[in-house]
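Below, each chain spelled out in residue letters.
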Amino acid sequence: MTTERIDDVWGARTPHPRATAWPTRVDLHLEDGVSEADVDRWVQSACLLCSNGCGCDIAVKDGRMVGVRGRETDRVNHGRLGPKGLYGSTPWASSPDRLTRPLVREGGRLVETDWDTAMGRIVERSRQLLDEEGPLTHGFYTSGQLFLEEYYVQAVVGKAGIGTPHMDGNTRLCTATSAAAFKESFGADGQPGSYEDIEHCDALFLYGHNMAETQTVLWSRVLDRTHGDDPPRVVCVDPRRTTVAAEAERTGGVHLRPRVGTNQALMNALTRELMENGWVDEAYVATHTIGFDDLRSVVAPYTPEEAERVCGVPADDVRRAARIFGEAEAPLSTVLQGFYQSHQATAASVAVHNLHLLRGMIGRPGAGVLQMNGQPTAQNNRECGADGDLTGFRNWDNPEHVRQLADQWNVDPMTIPHWAPPTHVMQMFSYAEAGSIELLWISATNPAVSMPESARIRRILSKPEVFVIVQDLFLTETAELADVVLPAAGWGEKTGCFTNVDRTVHLSEQAVDPPGEARSDLDIFVAYADAMGFVDRDGAPLVKWRTPEQVFEAWKESTRGRPVDYTGLTYAKLRGPSGIQWPVNEEHPDGTARLYADGVFPSDTDVCETYGHDLVTGATVTEQEHRALAPGGRAFLKGAPYLPPHEEPDDAYPLRYTTGRSVYQFHTRTKTGRSRPLDDAAPDAWVELAAADAEARGIADGDRVRVESPRGAIEVRARIGRVMEGAVFAPFHYGHWDPAGTAEDADARQANELTMTVWDPVSKQPVFKTAACQVTRIGG
Amino acid sequence: MPHLSTYVGLADHSEKTLADSFRAVADGHAHVSDVHFTCLTLAGWSDDHRHRLASVVERYGEDTDIDEPERLHAAGLAEVREGEVGLLRDLQDLHVLASLVQTTWTVVAQGAQGLRDTELLEVAHHCNAETSRQLSWLNTRMKVAAPQALIVSP
Ligand code: SF4
């Protein structure tokens, strides 16, 4: 088996000049002993191992998935696949530890049972709670890895069947800030930019986005520009000296290294520099935005010297970066977890929009913003509203929007819980802790490892008063604590659509049968709705659909007239050569490359998805306040002063702890950990320290160390690495599950033992990047 | 201007009560992380308001002897309540205190207008606007807490 993409993550360069098409290169991987001639069928899909959404075909032989091949004609990847896509897409499916039968808890142990028994227990408990205490006892925590159709059905069941506001996804941990920032700036979610902007940009800013590791194929696309003629200048904002940072320096750009937790001060200084130097398109600002004067007074104190004092970034570097942006003809910005999971997440991400709005640099080739997602189908959760959003980018606070959905679902608008903002997952776990949520249904996610302060999360999941249902591919650390475990079908074992970062919708077709009695998440939620007897106003079944395509057609109807318009898409159309960017409708039958080309934003009071928030407190803006601003299609320029992080280092915990990922693993390794090449490349956890901090503690590369915060500790090996002095980095992929059985620290390596229970006031995304910690050597 | 100085004194005093009460709620509900951190931030705003007012207080003298507005001196939150319903009640108490602060700033601003005291006017406007933001947050947070606390809280 060749696994060259492990060592050569981005593959061979295919450089090309600015404004020319990105050349194709087809990447292929087949299991040992299988050649292309042996493959029985190729089945159309897209990769599900990050948010990039690379188009691929699944190789099937003897009813098994045996490999993948990039789709040359797909607009996202032009044939390429990265290491996770190549080596991680299929091996998990035939892993011997797949869940193949439902499990129920008997005398404290999980035992195998049949579907009728498992679903019977769920329905009995669910019915009893609804009858006795009502819908607020039910919480749903879902994923960023299901299909659009599955989220839509879940949203209908939760919002119109049960009527609970407690629905969220692990998208809260990865992408909530992206959505929140769009809503604050433009009035509704929706990515303005397109991946093709990489071909056209003359400056590329990556904010807290280690693209080289998180979206490897997209980084190949960037490298093919930076190695070609007329390359863009790259500016990297990241406290670590990443591959992206090195490329920034190589291209004559800048690497800005703000101290952890100080992004907002840096953004304010960049904004101020644009204003001070006249790098502002005044006509655009006057016609298409509101809030300029307020923004100017907010950023006024943030001179480059002030940024240097707060962030530790040399003032001249701030000036240089601002100049690159200010003088660019087509700047492209991307944003990810370094901003989203940090202190003042939404404010800092909104500040990126502000820079583009000030210069009128949005909606043109090369001039755009890509607020990235962490997970492949996070976007669909936001669209369908199985998380804290209302289906079809609608506004909870707008009775007309709620009525539209009630009409479509044929239910009383009062059923749809819209009296307050929906409950985010951190709050849901608090309710479960306090005993007011008594049924928690978790699908395709592993909160026992991935949520902050994970010991607390496990305690809550273990409470006998909370009835926990988990549906997943494997018996994860979370499933081990459940009362009922349902075996789910995964990618390639079911059909459905999903949408990547740049609004490209792909259809992923079923290639093989799921193992044993495993069922798709769609079938599971339909079965639950049937068993519960949820009905509409006329007594007909609420969930009327049986196949993914039927659900897709219903979903399309709910997007009519909304910014996220799918009405022009069909499964047949999606079986074409490439994924298609929404909105797709009569006006744009082939999709839409960029939003807001005309400078008109979905900010009108009757159109918008939210009336907005105070970026510091999270207080909601009321309808009357919003109407008084008369946004009428203009974008908001919103600012916020820098605030110090929630937890400052002190004598006991003098270092700053941040978490992140490895290029070879995804999430809690449920899939990637079951791929030999990927797991061999990153088998175990570690922490990264700066040389000076290591030396001060007598720590050498490879020593075993204890990392401790006020909440917990891990014991892992140290790497002397690319972090800046005062910072400690730990990958978040590792729980106690240990596929190779060789990890010496399997019980003491979970990065989230140390993180805090605290979240951004607007997006409610937990802050994973700013806890205080101490590191001590415990052995060689 | 004996009465204006009384209201300047009242602004100072009620901001102090509000700041102390925000801190009491932050400590008392420390496990409710957003309440904890936001209340600390908002307490800081009230501290800052007193700071801005300090030079004005010096000019006018802080008059706390007059009887009449004494009735307006609301007691702060000495002790917080427990649980989800307790949190709701505490937030409501904070809202009452902040409302008193806000109307006080409105009255002070009117006096400053009459005297053409631009310094005081600016302070009053700034603080009034931030008190609105404190109130907005309290409103938002109460709306979030209410259904669960009232219907299913054990
Ligand atoms: S970049 Fe992402 S979507 Fe593309 S192959 Fe890699 S993991 Fe899959």
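These figures come from a predicted structure and were not determined experimentally. (Residues numbered from 1 in each chain as written. Chains lettered and ligands numbered in written order. Predicted model: local features only at pLDDT ≥ 70, side-chain atom pairs only at ≥ 80, totals over all residues. Heavy atoms only, no water.)

Asks: How would you summarise the overall build of chain B if you had to cite specific residues and measurements?
Replies: In terms of helices and strands, chain B carries 4 helices and 0 strands. Order of helices (α) and strands (β) in chain B, N terminus to C terminus: α-α-α-α. For a compact globule of 154 residues, the expected C-alpha radius of gyration is about 15 Å, and chain B comes in at 16 Å, within 12% of that figure. In terms of its C-alpha atoms, chain B occupies a principal-axis envelope of roughly 55 × 30 × 20 Å. Partitioning the contacts of chain B with sequence separation of at least 6, the portion at a separation of at least 24 is 79%. Entry remark: accessible area of chain B is about 7300 Å², with carbon and sulfur atoms responsible for 53%. In chain B, which carries 12 positive and 23 negative side-chain charges, the distance between the mean positions of the two groups comes to 6 Å. (Helix = DSSP H or I, 4+ residues; strand = E, 2+ residues; numbered from the N terminus. Rg over C-alpha atoms; globule rule 2.2 N^0.38 Å. Contact = heavy atoms within 4.5 Å. Areas by Shrake-Rupley, 256 points an atom, 1.4 Å probe, with all protein chains shown as cover. Lys, Arg positive; Asp, Glu negative; His and termini not counted. Charge placed at Lys NZ, Arg CZ, Asp CG, Glu CD.)

Asks: Mind laying out the overall build of chain A, listing which residues take part and the relevant values?
Replies: Within chain A, the regular secondary structure consists of 28 helices and 27 strands. If you take every contact in chain A between residues at least 6 apart in sequence, the share linking residues at least 24 apart comes to 74%. Element-wise, carbon and sulfur atoms account for 48% of the exposed surface of chain A, whose accessible area totals about 23800 Å².

Asks: Describe unusual backbone geometry, with residues and values.
Replies: Residue and element names in this part refer to chain A. The step from Trp582 to Pro583 runs through a cis peptide bond, and the omega angle for that step is 0 degrees. Relative to the helices and strands, Pro583 is located in the loop between strand S20 (580–581) and helix H26 (623–629). Notably, Asp62 is not glycine yet its phi reads approximately 50 degrees, a positive angle. Assignment of secondary structure puts Asp62 in the loop between strand S3 (55–61) and strand S4 (64–70).

Asks: Residue-level account of the nonpolar core, with values.
Replies: Residue and element names in this part refer to chain A. Ranked by internal contacts, the top residues of the largest apolar core, which has 73 residues, are Tyr207, Met267 and Phe339. Element by element, the count of residues in this core is highest for helix H11 (residues 263–276), at 7 residues. Aside from chain neighbours lying at most four places away, what touches Tyr207 is Val237, Met267, Leu270, Ser333, Thr334, Val335, Leu336, Phe339, Val352 and Leu355. Counting residues in hydrophobic clusters, the runner-up holds 63 residues, among them Ala160, Val402, Val551 and Ile580. (Core = buried A, V, L, I, M, F, W, Y, C linked by side-chain atoms within 4.5 Å. Buried < 20%, exposed > 50% of the residue type's maximum accessible area, 1.4 Å probe, protein only.)

Asks: If you had to explain the interface of chain B and chain A to someone new, which residues and values would you point to?
Replies: Tallying the contact residues gives 22 residues for chain B and 24 residues for chain A. Run the count over chain B and chain A and you get 1 salt bridge. Across the pair B:Arg133 and A:Asp614 runs a salt bridge whose closest N-O atoms are separated by 2.5 Å. Mapped onto the side of chain B that touches chain A, the elements with two or more residues apiece are helix H2 (33–60) and helix H4 (118–152) of chain B. (Salt bridge = Lys/Arg side-chain N within 4 Å of Asp/Glu carboxyl O.)

Asks: Talk me through the pairing of strand S23 (residues 686–689) of chain A; I want residue IDs and the actual numbers.
Replies: Residues and elements named next belong to chain A. Here S23 shows two buried faces, one formed by Trp686 and Glu688 and the other by Val687 and Leu689. Relative to strand S25 (residues 712–720), S23 is paired through 4 bridges, and the arrangement is parallel. For Trp686, the partnering residue across the bridge sits in S25 and is Arg717. Relative to strand S26 (residues 727–731), S23 is paired through 2 bridges, and the arrangement is antiparallel. When the bridges of S26 are listed, Leu689 appears paired with Val728. (Pairing = 2+ DSSP bridges.)

Asks: Help me get a handle on the site of the ligand, residues and values and all.
Replies: Residues and elements named next belong to chain A. Surrounding the ligand, one finds Cys47, Leu49, Cys50, Asn52, Gly53, Cys54, Leu81, Gly82, Lys84, Gly85, Thr216 and Val217. Broken down by secondary-structure element, the contributors of at least two residues to the shell around the ligand are helix H2 (83–88) and helix H9 (216–226). Broken down by class, the residue content of the shell around the ligand amounts to 6 nonpolar, 5 polar and 1 charged. (Near = heavy atom within 4 Å. Nonpolar A, V, L, I, M, F, W, Y, C, P; charged D, E, K, R; others polar.)

Asks: Now, about the sheet that holds strand S9 (residues 203–207) of chain A: what can you tell me, with residues and values included?
Replies: All names here are of chain A. One open sheet holds the 5 strands; their spatial order is S11-S10-S9-S13-S14, and the pairing between them is parallel. Either end of the sheet is taken by a strand with one partner, and the two such strands are strand S11 (254–256) and strand S14 (368–371). Adjacent strand axes in the sheet meet at a mean angle of 10 degrees when their direction is disregarded. (Axes fitted to C-alpha atoms, helices over the stretch in contact; angles between N-to-C directions.)

Asks: Explain the packing of aromatic side chains to me, and be specific about the residues and the numbers.
Replies: All names here are of chain A. Applying the stated criterion across every chain, the model contains 20 aromatic pairs over all chains. Ring geometry for Phe393 against Trp582: centres 5.9 Å apart, planes inclined by 70 degrees, an arrangement best described as edge-to-face. One end of the pair, Phe393, is in the loop between helix H18 (378–384) and helix H19 (399–409); the other, Trp582, is in the loop between S20 and H26, with 189 residues separating them in the sequence. For the ring pair Trp441 and Phe525, a centre distance of 5.3 Å and an interplane angle of 35 degrees mean the geometry is tilted. Here Phe525 lies in helix H23 (residues 521–532) and Trp441 lies in strand S15 (residues 439–443), a separation of 84 residues in the sequence. On the basis of relative accessibility, which here comes to 0%, the residue Phe525 falls in the buried class. Site record: aromatic cluster; members linked through ring pairs are Tyr152, Trp409, Trp545, Phe552, Trp555, Tyr566 and Tyr571. (Phe/Tyr/Trp six-rings, centres within 6.5 Å; stacked < 30°, edge-to-face > 60°.)

Asks: Lay out the packing of H11(A) against helix H14 (residues 304–311) of chain A in plain terms, naming residues and giving numbers.
Replies: All names here are of chain A. Interhelical geometry of H11 versus H14 gives an angle of 170 degrees and a closest axis separation of 9 Å. The orientation of H11 relative to H14 falls into the category roughly antiparallel. Contact residues: Ala265, Leu266, Ala269, Arg272 and Glu273 in H11; Pro304, Ala307, Val310 and Cys311 in H14. (Parallel < 35°, antiparallel > 145°, perpendicular 65-115°, else oblique.)

Asks: Report on the sheet that holds S15(A), specifying residues and quantitative values.
Replies: Residue and element names in this part refer to chain A. On the basis of which strands lie adjacent, the open sheet formed by 7 strands has the order S6-S5-S17-S16-S15-S7-S8 and mixed pairing. The open sheet has two edge strands with one neighbour each: strand S6 (109–112) and strand S8 (167–169). In this sheet, adjacent strand axes meet at a mean angle of 20 degrees when their direction is disregarded. Summarising the sheet, strand S5 (residues 103–106) and S6 pair through 4 bridges and their orientation is antiparallel. When the sheet's bridge partners are listed, Arg105 is paired in S6 with Leu110.

Asks: Which residues make up helix H13 (residues 292–299) of chain A, and what values go with them?
Replies: Residue and element names in this part refer to chain A. Those residues of H13 that fall on the buried side of the exposure criterion are Phe292, Leu295 and Val299. Buried residues of H13, viewed axially, fall in a sector of 65 degrees; they line one side. The exposed set on the far side of H13, more than 90 degrees from its buried face, consists of Asp293 and Asp294. Of the surrounding secondary structure, the elements contacted by the buried residues of H13 are H11, helix H12 (282–288), strand S12 (289–290) and helix H17 (345–358). (Arc of directions from axis to C-beta.)

Asks: Go over the domain arrangement of chain A with me, naming the residues and quoting the values.
Replies: Residue and element names in this part refer to chain A. Domain annotation for chain A reports domain 1 (1–89), domain 2 (103–173 + 377–581), domain 3 (176–372 + 602–636) and domain 4 (655–779). Taking the mean C-alpha position of each, domain 1 and domain 4 sit 30 Å from one another. When the buried area of domain 1 at its contact with domain 4 is split by residue, Ile6, Leu49 and Lys84 rank highest and sum to 51% of it. Scanning the region where domain 1 abuts domain 4 turns up 0 salt bridges. Connecting domain 1 to domain 4 are 0 residue pairs in polar contact (both at pLDDT 80 or more). At 4 residues, H2 tops the list of elements feeding residues into the side of domain 1 that touches domain 4. (Domains from an automatic or database assignment. Buried area = accessible area lost by both parts, 1.4 Å probe. Polar contact = N/O pair within 3.5 Å; in protein donor to acceptor, adjacent residues only side chain to side chain.)

Asks: How would you sum up the packing of H9(A) against helix H10 (residues 243–250) of chain A? Please name residues and give values.
Replies: Residues and elements named next belong to chain A. Viewed as axis vectors pointing N to C, H9 and H10 meet at an angle of 15 degrees, and their least axial separation amounts to 12 Å. Taken together, the axes of H9 and H10 lie roughly parallel to each other. The two elements H9 and H10 cross, and the hand of that crossing is left-handed. Between H9 and H10, the contacting residues are Trp219, Leu223 and Thr226 on the first element and Thr243, Val244, Glu247 and Arg250 on the second. Per-class residue counts for the contact of H9 with H10 are 3 nonpolar, 2 polar and 2 charged. (Left-handed = near helix turned anticlockwise from the far one by under 90°.)

Asks: So what's going on with the UniProt feature "domain: 4Fe-4S Mo/W bis-MGD-type" (unreviewed entry) in chain A? Which residues, and what values?
Replies: When the UniProt feature table is mapped to this numbering, "domain: 4Fe-4S Mo/W bis-MGD-type" (unreviewed entry) covers residues 40–96 of chain A. Structurally, residues 40–96 of chain A comprises 11% helix and 35% strand, and the distance from its first C-alpha atom to its last is 23 Å. (UniProt positions renumbered as here; feature names shortened; annotations may be inferred.)

Asks: I'd love a proper account of H14(A), names of residues and values included.
Replies: Residues and elements named next belong to chain A. Within H14, the full set of buried residues consists of Pro304, Ala307, Val310 and Cys311. Axial view of H14: buried residues confined to an arc of 125 degrees, hence all on one face. Turning to H14, the residues buried within the fold contact H11 and helix H15 (315–327). A positive phi of about 75 degrees marks Gly312, the residue just after H14.

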